[in-house]
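# Working through the structure, step by step
Spelled out from the first residue to the last, the chains are:
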Amino acid sequence: MRSLFLCLVAVTVETHGFKNYTFPADFMFGAATASYQIEGAWNLSGKGVNIWDTLTHDNPEFIIDRSNGDTAANSYFMYKEDVQLLKQIGADFYRFSVSWARILPTGQINIVNQAGIDYYNRLINELLANGIKPMVTIFHWDLPQKLQDLGGMPNILIADIFTDYARLLFENFGDRVKWWITFNEPAVFVTGYATGKGFAPSVNASGIGDYMSVHTIILAHAKTYRMYERDFRPKQQGKVSITLNSRWHEPRSNSTEDVESSERAMQFYLGLHAHPIFSQKGDYPRLVKERIANNSLAEGFFRSRLPKFTEQEIAYIRGTFDFFGLNHYSTSLTSPGFSGSQMPSLEGDVSVRRLNDPKWIATGGESRKVVPWGFRKLLNWIRKEYNNPPVFITENGVADKEEFEDLLRVYYHTHYMYEMLKAMFDDGCNVIGYIAWSLIDNFEWTSGYTEKFGLFHVNFTDPGRARTAKESSRVFAEIIETRQIPARYLQDVQQNKTRIMHLICAPKRVFEAKRGCQYCRQAEPIHESHLKNFNLSFLTALYKLDTSPSHRDFDRISLKMKVLGIFILAFAGAEIQRNPAIYHFPEGFKFGVATASYQVEGAWNEDGKGINIWDYQTHNESYLIADGSTGDVACDSYHLYEKDVTLLKDLGVDFYRFSFSWSRLLPNGHINHINKAGIEYYNKLINALLREGIEPLATIYHWDLPLPLQELGGWPNELMADYYEDYAKLLFENFGDRIKFWITFNEPSVFTAGYESKTYHAPSIEAPGFGKYLASHTLLKAHARAYHLYNETFKEKQGGEVGITLNIGWCEPKEDTEEHIAACERLQQFEMGLYGNPIFSEEGDYPKVVRDRVDANSKAEGFERSRLPKFTDEEIKYIRGTSDFFGLNHYSTYLGVPSTENTAEPSYENDIGIYLEQDDSWPESASSWLRVVPWGFRKQLVSIKERYKNPRIIITENGFSDRGELQDYGRIHYYIGYLTEMLKAIHNDSVDVFGYTAWSLMDNFEWNQGYTERFGLHYVDFSHPDRPRTIKESGKVYKEIVETRQIPERYQEENSEEKLSTFW
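The residue numbers shown here count from 1 along each chain, following its written sequence. Only residues with pLDDT of at least 70 are given local features in this predicted model, and only at 80 or more are side-chain atom pairs given and counted; all residues enter the totals for whole chains, interfaces and linings. The side-chain numbers reported here are obtained from all heavy atoms of the structure, hydrogens and water having been left aside.

### With respect to the pattern of salt bridges
For this analysis, a salt bridge means a side-chain nitrogen from Lys or Arg found within 4 Å of a carboxyl oxygen belonging to Asp or Glu. Inspection of every chain in the model, using the stated rule, returns 62 salt bridges. With a shortest N-O distance of 2.7 Å, K609 and D615 are connected by a salt bridge. A single burial state applies to K609 and to D615, both of which are buried. Within this structure, R303, D722, E725, D726 and R785 form a network of salt bridges that share partners. Note on classification: 1.4 Å probe, protein chains only; a residue is buried when its accessible area is under 20% of the maximum for its type, exposed when over 50%, partly exposed between these limits.

Okay, structure coming up:
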């Protein structure tokens, strides 16, 4: 690696006050581009969508000229023309990037686009045929959208997926590509996770998302380097590194404060990324870690916003480079202070003001000035800080507006290279190559086509995208050929600077005096001497001027089922108990009812509440809701909670199961911003319950994730476990003195499906066969963290219990065959065991059948590793046993038939391999998935007893849907049938059930079904602004059961169906 140090044996001639350095014979020159900026063909030949496709199409207002890279320079079709331009300047190298989404349309290794492989093979071969070496950037900002849907760079999982992608490139191109760059300018593209109106993907998670992204990128880089070193370098003999960008930060004065601000800026903007890789100690710079940690604590966070590397990771990352890729453009003056307003933020952490000297030459980029001497200082800082690594300048260039005679660019390149040569010859900096940005004009990200960096002009109004050489290309070709900077550009550097400024300004000052010019504002008066030796016609032409779902009507339907049939079928096949004791509930048995925050509270944007994923889905994707409705008001329980407590008191229930709204308590999802109004609301609700002798049973999470956390990837991002633990701690601290039963998660198998399909539950992310498993893995860790937190910190004083609620429908084999029985067992293990086994089984971890099937399918589909993540031995032990009770939601039963369908596409359904149906004779409800099959409830309870050594079970949901009838006899007989079967399981099968919760206290917003399905014991009139509640017949019967602690005798009689109406 260190053999890259160039031998600086050259003749240095000093004339007219400057040294005429000669570049070493083995010094390398080239030009650069990036895939999204030049290729075009955005949706051709199998390419997938990337985050810049999404940003420019969905938010064109984020781009100055509202343009995009759909066609750009059309290099996908014109790559041969580009190679000829490189040959024209005599380039040794062409640095280009591979489009991840062109190679892997979904970002995952299982779907390889051969057309993309073919394109890059043609490009590489064309370069080599013309004597030009390829330098390949693996990632230059254009992340596949499918990976962004999983959280993008803040999700540490992307490190593994990136490594798979890199392996594919090494395998296909490594025989010819000997220079690799893993990432380009992470300091720039991670800002896409710090602001909602900027770089793609424009996620507003300032001071959090950007640091999370940095952490992922550094790990991804190290994994890729180590993989190449182990598996490819012995044969391919290539070099791998990373390209970092930095300005030089010059202290505004010699004061201690300004000097310190300069060092802070260097360590945050460059050292944050470089120190873990290039320093002898590794890890993030100490200054950076300390400032972020201190600021995080001051802001109310429980831990630093900057993730930590383990000692093993520090050692693994340190030294993962063969050269130091450096992009440099300009310099800033620094002084202490923070000019921004957003906190937390990286800018707030570094607390540096970055300014420009008004005397510095302006460019086509408003904030970038021409300051060549800063380049030399930066190179020397790197030399001293990182033990003089071999440095490859992978980008250096200047923007203008569209000049062919681009003397500004000539001046820029010649004088920046001159300062680089000083650093090499006079200071001993080990610079091995220089690449100009850019070969051709291109799409300049949020600046669109308003800034041009190219050595060659591209006519973007011409369908043929004609390329034309600029003056700078001819000068650059001369430098490469002669290995020297032409002396005519270095005659008295300071005087030439003045000439350049006036050369730039003269035409505009003559013809545009009234409009003014960004260059003229800083120019001195023009003297004749400034124009000596310059062609006036050239001056005149130098600078061209810039002018520059409706609501659906759902008819009430008759379910067309005789109540006589309902009653008989509900008990079909069940043993008839003549012992009256079977209908009595055990002593101490508890009854309750349930709701969930989003489904009943309303007040979606009141009193400081933040936005959650269901707010977003119902407002932006209303077509996913059956009636196009929202939970904006719902039952208005935020304002009517006292009326709800009155309903509960009238029912006589022992407890009320409700859930907290995470975004009502923590509007941005993070612990640093606590909404006191949310705390007060839940305190009022809890206290009102206790005054009436009703226990609160609290669900910590019932599906309504704060949107800012979803923008970081949501549950597939394992860092959600940290944020969830912070949130749980807030609840334990504020409400644990009165709440004695806690449920960490409600129905994980349902809400994780929101990461399987874009047409289902929020957040509706389409990542089939992948997202659900990632989300499940994270929530199991989060559950265990909350459980241990409570046990270690709160249990001794508060004396409560913590559990989890799982949902499962019984699966009855349609046929009594081994295949059908095995299929139903698989369903149990995937739907319930995926979560139950790690927590409730003696061995812990995922069920063997789940692990085996997902592993095998993943391999067959072409994945490098299983789609189901693995727990470490320590994690298995940590999660096992983390529940004081088993919360069970059960609604219905299914017939299971083994599925022989097996597509090449990964999916959760494929992994299970079962087809579910229901018997037409089973009574229906208003929900297509819910039929009345009470005997399945008993079988499910017995199965849990046998599977998990008879855990203490509380039924946390059980209920029946209709269209809102007050005379809801279908619901009455549902409850009678299911409660009876539960009692059989208790009395006859010794299943340890200690409580039962009816879903639901009242009609509410039923997720994707809106208000078209009603589960309530109380009717809610959603057309009335006051949302009046009216008890239904089922509510009266449930009240009787709670009061008498038994099934009413009239329902114990075999012919009680005669007492019912004929139809619902």
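### Quick word on the state of the cysteines
Cysteine sulfur atoms that pair up within 2.5 Å are treated as a disulfide. Tallied over the full model, the rule gives one disulfide. Two residues, C811 and C824, share a disulfide whose sulfurs are 2.1 Å apart. Because the torsion about its S-S bond is -60 degrees, the bridge between C811 and C824 counts as left-handed. Placement of C811 in strand β23 (residues 810–813) and of C824 in helix α30 (residues 818–840) is noted, with a sequence separation of 13 residues between them. Across the pair, C824 and C811 agree in class, each one buried. Helix numbering and strand numbering both begin at the N terminus, where a helix is a DSSP run of H or I of at least 4 residues and a strand a DSSP run of E of at least 2.

### What to know about the environment of H820
Along the chain, the position of H820 falls in helix α30. A sequence separation of 79 residues divides H820 from S899, and the C-alpha atoms of the two residues are 9.5 Å apart. Only heavy atoms enter the contact rule, under which two residues are in contact if any of them lie within 4.5 Å. The residues contacting H820, other than those within four sequence positions of it, are P813, K814, E815, G896, V897 and P898. Distance and chemistry together define a polar contact, namely a pair of N or O atoms within 3.5 Å, with one atom able to donate a hydrogen and the other to accept it when in protein, and with adjacent residues in sequence counting only for side-chain atoms on both sides. A polar contact is formed between the side chain of H820 and the side chain of T817, at a distance of 2.8 Å.

### Things to note about the nonpolar core
Note that soluble globular proteins tend to have their nonpolar side chains buried in a common cluster. Working definition of a nonpolar core: buried Ala, Val, Leu, Ile, Met, Phe, Trp, Tyr and Cys residues. They are joined through side-chain atoms within 4.5 Å. Judged by nonpolar contacts, the single largest core of 323 residues is most densely connected at W52, M420, F660, W715, Y724, W742 and M982. Broken down by element, the residue count for this core peaks at 13 residues, all from helix α16 (residues 407–425). If near-sequence neighbours (up to four positions away) are discounted, M982 is found in contact with F585, F589, F937, L941, I955, V993 and Y996. If you look at the next biggest cluster of nonpolar residues, it comprises seven residues, including F655, I743, F885 and I954.

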